[in-house]
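One-letter residues, chain by chain:
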Amino acid sequence: MDIEIHPFDPNLRTTPIQGVYRTTMAEYLSIKALSRTVLFEMEQTPAHALLKLNEPDEPTAATDFGTAFHTTMLEAPNARSILVAEEGVTRAQKAWRDVQNAARGRTPITTPEAQTLWAMRRRMLAEPGMDRLLASPYRELTLVWRHDATGIWCKARLDILDTSEASFILDLKTAKETDPRRFAYSCRDYGYTLQAGMYMAGCDAVFGEARVKGFFIAAIEKEPPYRMEWYDMVRHVAEGRKRFEVLIRNFAECQAANVWPAMNRLPHQPPTLHELPL
């Protein structure tokens, strides 16, 4: 599968253009298009989605670690977008504010966090075939496309796109536990099924229908011995795409009416009277 990759265009901040782009995370976030993280908030209420759209979350230790994880896995050994604090400096100390100020767009992490990330990378590279995937030229690609039914522009950031005959997306995840029974809760709590459906819809729009055939997750635990498991999401893509279609239409209705209820309903719907499951 041949892919034409474009450099980031600053015009994407105001006028999306369908295609595949090579962007930094900051550039990706600046693209004026709907992301999975915003759409997932529609599962709670439209007001949550609007808040996420207009007021992105402040970085936390967890989000810093997640960003640094992807950088270490996908950009090493030239991970210039990470700033490692001096040994002994912790997030609880006043000195951490100096580290944040010195970061200047880089992701700040502690020395123990950096050591953990490199141990996780070594564990991933021990998996057969992972060295080839982590060295793929198609890492951290940004897709931008227009959803035909609503006219809403969408975006997705693919960790790895394999362009072999099998053609699949590989998404890297950290987890407290990668045991299938436990990881199923993570899929539900963090919207991984929605992500699979939305990203596959984006691939169909950008590359042509069914050109990308699969969606896999490589999940690794953050504690030794860094248990790692692979998950084939193909059986869940149809469910994720249905959810994507429902949520993006709900988002479009709220956007058209400029009404974003802070309860789980749409502008045209009356409030729901719930029964408590006592």
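Residues numbered from 1 in each chain as written. Predicted model: local features only at pLDDT ≥ 70, side-chain atom pairs only at ≥ 80, totals over all residues. Heavy atoms only, no water.

Quick notes on the overall build of the chain
Within the chain, the regular secondary structure consists of 10 helices and 9 strands. What you see for the chain is a C-alpha radius of gyration of 20 Å, in line with the 19 Å of a compact globule of 278 residues. Here the C-alpha coordinates of the chain stretch approximately 55 × 50 × 45 Å along the principal axes. Relative to its 278 residues, the chain shows a buried fraction of 45%. (Helix = DSSP H or I, 4+ residues; strand = E, 2+ residues; numbered from the N terminus. Rg over C-alpha atoms; globule rule 2.2 N^0.38 Å. Buried < 20%, exposed > 50% of the residue type's maximum accessible area, 1.4 Å probe, protein only.)

Examining the state of the cysteines
In the structure shown here, the tally under the stated rule is 0 disulfides. The thiol of C187 is unpaired, and the distance to the nearest cysteine sulfur, on C203, comes to 18 Å. Among the cysteines around C254, which has no disulfide bond, C154 carries the closest sulfur, lying 15 Å off. For C254, a relative accessible area of 0% puts it in the buried group. (Disulfide = S-S within 2.5 Å.)

Considerations on the pairing of strand β2 (residues 19-22)
Relative to β2, strand β1 (residues 5-7) runs parallel, the two sharing 3 bridges. Looking across to β2, one finds that H6 is bridged to Y21. (Pairing = 2+ DSSP bridges.)

Digging into the side chain of H147
Along the chain, H147 turns up in the loop between β5 (139-146) and β6 (153-162). A polar atom in the side chain of H147 sits 2.8 Å from the side chain of T150. Residues in contact with H147, not counting those within four places in the same chain, are I152, C154, F244, E245, I248 and R249. (Polar contact = N/O pair within 3.5 Å; in protein donor to acceptor, adjacent residues only side chain to side chain. Contact = heavy atoms within 4.5 Å.)

Side note on the pairing of strand β9 (residues 228-232)
Judged from the 5 bridges that link them, strand β8 (residues 214-221) and β9 form a sheet pairing that is antiparallel. When the sheet's bridge partners are listed, I217 is paired in β9 with Y231. Between β8 and β9, which pair antiparallel in sequence order, lie 6 residues; one of them, Y226, sits at a positive phi of approximately 60°.

Notes on the confidence of the model for the chain
Put simply, the chain has an average pLDDT of 94, and 99% of its residues get 70 or more. The secondary-structure element of the chain with the lowest mean pLDDT is helix α1 (residues 25-30), recorded at 91, while β8 shows the highest, at 98. (pLDDT = per-residue confidence, 0-100.)

Examining the environment of P16
Take P16: it is sitting in the loop between β1 and β2. Under the relative-accessibility criterion, P16 is labelled buried at 12%. Separated by 148 residues in sequence, P16 and S164 have C-alpha atoms that sit 28 Å apart. Filtering out sequence-adjacent residues up to four positions away, P16 remains in contact with K32, V144 and W153.

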